[in-house]
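# Notes for the structure review
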4 protein chains.
Amino acid sequence: MNIPSPYSRPVNYYETDRMSIVHHSNYIRWMEEARLDYMHKAGVDYPSMEADGIIMPVTGVKCSYKTSLRYGDTFTVKTTLTGFNGIRMEFSYKIYTDDPDNPCCVGESGHCFLDAVTRQPVSLRRHGLKYYEIGVNLLAAEQSAGKE
Amino acid sequence: MNIPSPYSRPVNYYETDRMSIVHHSNYIRWMEEARLDYMHKAGVDYPSMEADGIIMPVTGVKCSYKTSLRYGDTFTVKTTLTGFNGIRMEFSYKIYTDDPDNPCCVGESGHCFLDAVTRQPVSLRRHGLKYYEIGVNLLAAEQSAGKE
Amino acid sequence: MNIPSPYSRPVNYYETDRMSIVHHSNYIRWMEEARLDYMHKAGVDYPSMEADGIIMPVTGVKCSYKTSLRYGDTFTVKTTLTGFNGIRMEFSYKIYTDDPDNPCCVGESGHCFLDAVTRQPVSLRRHGLKYYEIGVNLLAAEQSAGKE
Amino acid sequence: MNIPSPYSRPVNYYETDRMSIVHHSNYIRWMEEARLDYMHKAGVDYPSMEADGIIMPVTGVKCSYKTSLRYGDTFTVKTTLTGFNGIRMEFSYKIYTDDPDNPCCVGESGHCFLDAVTRQPVSLRRHGLKYYEIGVNLLAAEQSAGKE
């Protein structure tokens, strides 16, 4: 399975604050944009997953800010699936302008899967096998790429 | 029926942009905050209305900006119900810091009522009589206050 | 002068609200994204304009909502410069998914030009001639296209 | 020095997403609201601090989500200063509806102090002694309260 390509777009003016830099809360939103784009590229369309009755709330986020982004900048997010067992899922993120090894911001997020109606935890292995298989293959691909 | 009191709160830092002023889109959000507060004070709890299967989407907004607000300011929104027939509803807004006659911003919004499931228009007169009566009385109170 | 091409991107998940549709305030933000993209394509880079000491606040917005957008949709904004005299500027917007003649939303915005430091009105004709000329030419191109 | 009282307000409708819950990015914004309110109550007015040429960007955030909040809920944030040396500062947060010992969300944030113009690190001990003294006293008060 191919690892999805990074996500990129320009900073929006309304994402800045009066320090003239991007407000720190927006990086959390960018991580979401990048995560859903990554899943989409891997063959998991999140609207379809919700239509299948499975939602994927965020259980935790973490973000460390190195340098500031400004209006006029274009950022790229390199998303990596770092954990997946069909019940829980973890991602890491590097946000940068030019050099992936010199990110403006690094982050992490954790997720679980819930039944959209009952809001009880579900295992994708039992209730969403097609998603489960993609997750397992993607994690293997990421781990193998990480070893290189 | 008493006319609900104005809504007031401090500007949040994340509501500013790199011009050092409140981003213009936030005034649209403040109109929503003030509108739902106004309805709540008039006896219409919007979460209960949604639980009753009626949603109230926005059909139009209009906003005219006179002077800028900044972080450190506290704003007040004077909301006025200007139209209501159980099918459509209109509000006007004055946003100011000290003097209601010298607002930073004036706005308007239009709304309709939909069945939450079918998303088809509903008439409150038939499907939400308790809300209809509050709306009619409130409009009369506002119109009578406007004549003074 | 060529009329800039429309602006397009997918809806973000965080732009939805609990009615399952895009929150109405985000269309105001999209109008800003589209306006700055339009200016950029016309040769006016807004960060450079700010660096030249000229800011362009919003004096008014107007938005009329026809149909709702949801997560999973990709929207396009067709921006049109409808007024420009170097002191004030107006735009209109059509937001649609497939058919420009059947927009989900139509909007308008008004702007003025201010000195970034004094916050006093400036005329681009005197203080930003290169921007003035682009504006005049673009308005002529839009008006000529509108007559076709 | 007295420890500032918690910060409280109702959830805004536009803070929800199509899962019908508050979007996770908004908790990061609430931490900012609560932090600036805490500082204000402790005698540090952030607009004045910026006017004194000192800004306080976020160097990191962390947030762990336990249960969801919805429109109609009112939340409270208990902010605690957990670290301060005049160069760096740390806070922890508990966000809850009724019971502080059963929070919906717990978070942390880290900050540094920069010269607003040069964007270089400053030490409050040297460049903002009045703020430094408040920070030192507040940290002592928090640490002493934490031991009880």
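Here, residues in each chain are numbered from 1, in the same order as that chain's written sequence. Numbering of ligands from 1 and lettering of chains from A proceed in the order in which they are written. The predicted origin of the model limits local features to residues at a pLDDT of at least 70 and limits the giving and counting of side-chain atom pairs to 80 or more, whereas totals for whole chains, interfaces and linings rest on all residues. Derived side-chain values reflect all non-hydrogen atoms in the structure, with water molecules and hydrogen atoms excluded from consideration.

### Some words on the pattern of salt bridges
Worth spelling out the cut-off: A pairing counts as a salt bridge when a side-chain nitrogen of Lys or Arg comes within 4 Å of a carboxyl oxygen of Asp or Glu. Each helix is a run of DSSP H or I of at least 4 residues and each strand a run of E of at least 2, with the numbering of both proceeding from the N terminus. Burial here depends on accessible area, computed with a 1.4 Å probe over protein chains only, as a share of the maximum for the residue type. Under 20% is buried, over 50% is exposed, and the range in between is partly exposed.
Tallied over the entire structure, the rule returns 20 salt bridges over all chains. In this structure, the salt-bridge partner of Glu50 of chain C is Arg18 of chain B, at a minimum N-O distance of 2.6 Å. Of this pair, Glu50 of chain C sits in helix 2 (residues 46-51) while Arg18 of chain B sits in the loop between strand 1 (7-10) and helix 1 (25-41), placing the two residues on different chains. The residues Glu50 of chain C and Arg18 of chain B share a single accessibility class, namely buried. With a closest N to O distance of 2.8 Å, Arg9 of chain D and Glu15 of chain D form a salt bridge. For Arg9 of chain D, a relative accessible area of 10% puts it in the buried group. Looking at Glu15 of chain D, the relative accessible area reads 2%, which means it is buried. It is possible to trace a salt-bridge network through shared partners that takes in Arg9, Glu15 and Glu33 of chain A.

### Quick word on the relation of the copies chain B and chain C
Heads up, the condition is: A least-squares fit on C-alpha atoms brings the copies together, and the residues used are those whose pLDDT is at least 70 in both copies.
Least-squares fitting of chain B to chain C yields an RMSD of 0.0 Å, with the superposition described by an axial translation of 0.0 Å and a rotation of 180°. Viewed as a symmetry operation, the transformation between the two copies matches a two-fold axis. Among all C-alpha atoms of chain B, that of Lys62 of chain B lies closest to the rotation axis, at 2.1 Å.

### Let's talk about the relation of the copies chain A and chain D
The condition is simple: Throughout, a contact is declared for two residues whenever any of their heavy atoms are within 4.5 Å.
With an RMSD of 0.0 Å, the fit of chain A onto chain D corresponds to turning through 180° and sliding 0.0 Å along the axis. By residue overlap, the copies meet face to face through one surface: 100% of the interface positions of chain A are interface positions in chain D.

### Brief notes about the interface of chain B and chain C
Just so we agree on the cut-off: Each of two parts loses accessible area, computed with a 1.4 Å probe, when they are put together; buried area is these two losses added. Here a polar contact means two N or O atoms within 3.5 Å. Within protein one must be a hydrogen donor candidate and the other an acceptor candidate, and residues neighboring in sequence count only if both atoms are side-chain atoms. Classification used: nonpolar for Ala, Val, Leu, Ile, Met, Phe, Trp, Tyr, Cys and Pro, charged for Asp, Glu, Lys and Arg, polar for all others including Gly. Two strands qualify as a pair provided DSSP detects at least 2 bridges between them.
Between chain B and chain C, the residue contacts involve 27 residues of the former and 28 residues of the latter. Roughly 2200 Å² is buried in total at the junction of chain B and chain C, and carbon and sulfur atoms are behind 50% of that figure. The largest share of the area that chain B buries against chain C comes from Met19, His24 and Arg29 of chain B, three residues that together contribute 25% of it. Our enumeration of links across chain B and chain C arrives at 14 residue pairs in polar contact (both at pLDDT 80 or more). Where the side of chain B that touches chain C is concerned, the elements lending two or more residues are helix 1, helix 2 (46-51) and strand 3 (58-65) of chain B. The dominant element in the side of chain B that touches chain C, judged by the number of residues it contributes, is strand 3 of chain B, at eight residues. Across the side of chain B that touches chain C, the residue classes tally to 12 nonpolar, seven polar and eight charged. Bridging between strand 3 of chain B and strand 3 (residues 58-65) of chain C involves five bridges; their strand directions are antiparallel. When the sheet's bridge partners are listed, Cys63 of chain B is paired in strand 3 of chain C with Val61 of chain C.

### A word on the packing of helix 1 of chain B against helix 1 (residues 25-41) of chain C
Rules: Each axis is a line fitted through C-alpha atoms, taken for helices only over the stretch in contact, and angles between the N-to-C directions span 0 to 180 degrees. In this scheme, roughly parallel covers angles under 35 degrees and roughly antiparallel covers those over 145, while 65 to 115 is roughly perpendicular and the rest are oblique.
One way to put it is that helix 1 of chain B packs onto helix 1 of chain C with a least axis distance of 8 Å and a crossing angle of 175°. When the axis of helix 1 of chain B is compared with that of helix 1 of chain C, the two are roughly antiparallel. Residues Ser25, Asn26, Ile28 and Arg29 of chain B of helix 1 of chain B form the contact with helix 1 of chain C, whose participating residues are Ser25, Asn26, Ile28 and Arg29 of chain C. Taken together, the residues of the contact of helix 1 of chain B with helix 1 of chain C sort by class into two nonpolar, four polar and two charged.

### Some points on empty space enclosed by the protein
Rules: Residues are called lining when one of their atoms sits within 4 Å of a cavity or pocket point, these points coming from a 1 Å grid over the protein atoms alone, where a cavity is a set in which a 1.4 Å probe fits but cannot get out and a pocket is an open set with protein on both sides within 12 Å along at least five of seven lines. Grid points are joined across faces, edges and corners, and a volume is the space filled by probe spheres set on the points.
Inspection of the entire model under this criterion finds eight cavities of 30 Å³ or more. Of the volumes computed, that of the largest cavity is approximately 320 Å³. Looking at the largest cavity, it is lined by 25 residues, and the ones nearest its centre are Arg29 of chain A, Asn26 and Arg29 of chain B, Arg29 of chain C together with Arg29 of chain D. If one sorts the elements of the lining of the largest cavity by residue count, helix 1 (residues 25-41) of chain A sits on top with three residues. Classifying every residue of the lining of the largest cavity by side-chain character gives four nonpolar, 13 polar and eight charged.

### What about the layout of surface pockets?
Its volume calculated, the largest pocket comes out at about 670 Å³. If you trace the largest pocket, you find 38 residues lining it, with Tyr7 and Arg9 of chain A together with Tyr7, Arg9 and Pro10 of chain C closest to the centre. Elements represented by at least two residues in the lining of the largest pocket include exactly strand 1 (7-10), helix 1 and helix 2 (46-51) of chain A together with strand 1 (7-10), helix 1 and helix 2 of chain C.

### Some thoughts on the packing of aromatic side chains
All names here are of chain C. Here is the rule we go by: Pairs were defined over the aromatic rings of Phe, Tyr and Trp, the Trp ring being its six-membered one, requiring ring centres within 6.5 Å. Orientation was assigned from the angle between planes: stacked under 30 degrees, edge-to-face over 60, tilted for the rest.
In total, this model carries 36 aromatic pairs over all chains according to the counting rule given. Arranged with centres 5.3 Å apart and planes meeting at 75°, the rings of Tyr27 and Tyr65 form a pair that is edge-to-face. Here Tyr65 lies in strand 3 and Tyr27 lies in helix 1, a separation of 38 residues in the sequence. Residue Tyr27 shares its accessibility class with Tyr65, and that shared class is buried.

### Here we look at helix 4 (residues 129-147) of chain A
Every α-helix carries 3.6 residues per turn, so stepping three or four residues along brings you back to the same face. Residue and element names in this part refer to chain A. Under the convention used in this document: Any helix carries an expected span of 1.5 Å times its number of residues minus one.
The terminal C-alpha atoms of helix 4 lie 27 Å apart, and with 19 residues this matches the ideal 27 Å at 1.5 Å per residue to within 8%. Every buried residue belonging to helix 4 is among Tyr131, Tyr132, Ile134, Gly135, Leu138, Leu139, Ala141 and Glu142, and all of these are buried. Buried positions along helix 4 lie against helix 1, helix 2, strand 2 (54-55), strand 4 (74-84) and helix 3 (124-127).

### Topic: the side chain of Thr16 of chain B
Structurally, the position occupied by Thr16 of chain B is in the loop between strand 1 and helix 1. Exposure remark for Thr16 of chain B: the relative accessible area of 1% places this residue in the buried category. Within the structure, the side chain of Thr16 of chain B is placed 3.2 Å from the backbone nitrogen of Arg18 of chain A, a separation counted as a polar contact. At a separation of 2.7 Å, a polar atom in the side chain of Thr16 of chain B contacts the main-chain carbonyl oxygen of Tyr13 of chain B.

### Some remarks on the sheet that holds strand 5 (residues 88-96) of chain C
Reading across from one edge, 1(B)-4(B)-5(B)-6(B)-3(B)-3(C)-6(C)-5(C)-4(C)-1(C) is the order of the 10 strands in this open sheet, with antiparallel pairing throughout. Looking at the sheet topology across the chains shown, the edges are occupied by strand 1 of chain B together with strand 1 of chain C. This sheet shows a mean twist of 20° between the axes of neighbouring strands, independent of strand direction. Inspection of the sheet shows strand 3 of chain C paired to strand 6 (residues 105-112) of chain C by seven bridges, in the antiparallel sense. The residue bridging Cys63 of chain C from the neighbouring strand is Gly107 of chain C, located in strand 6 of chain C.

Distances and angles like these do not, on their own, reveal function.
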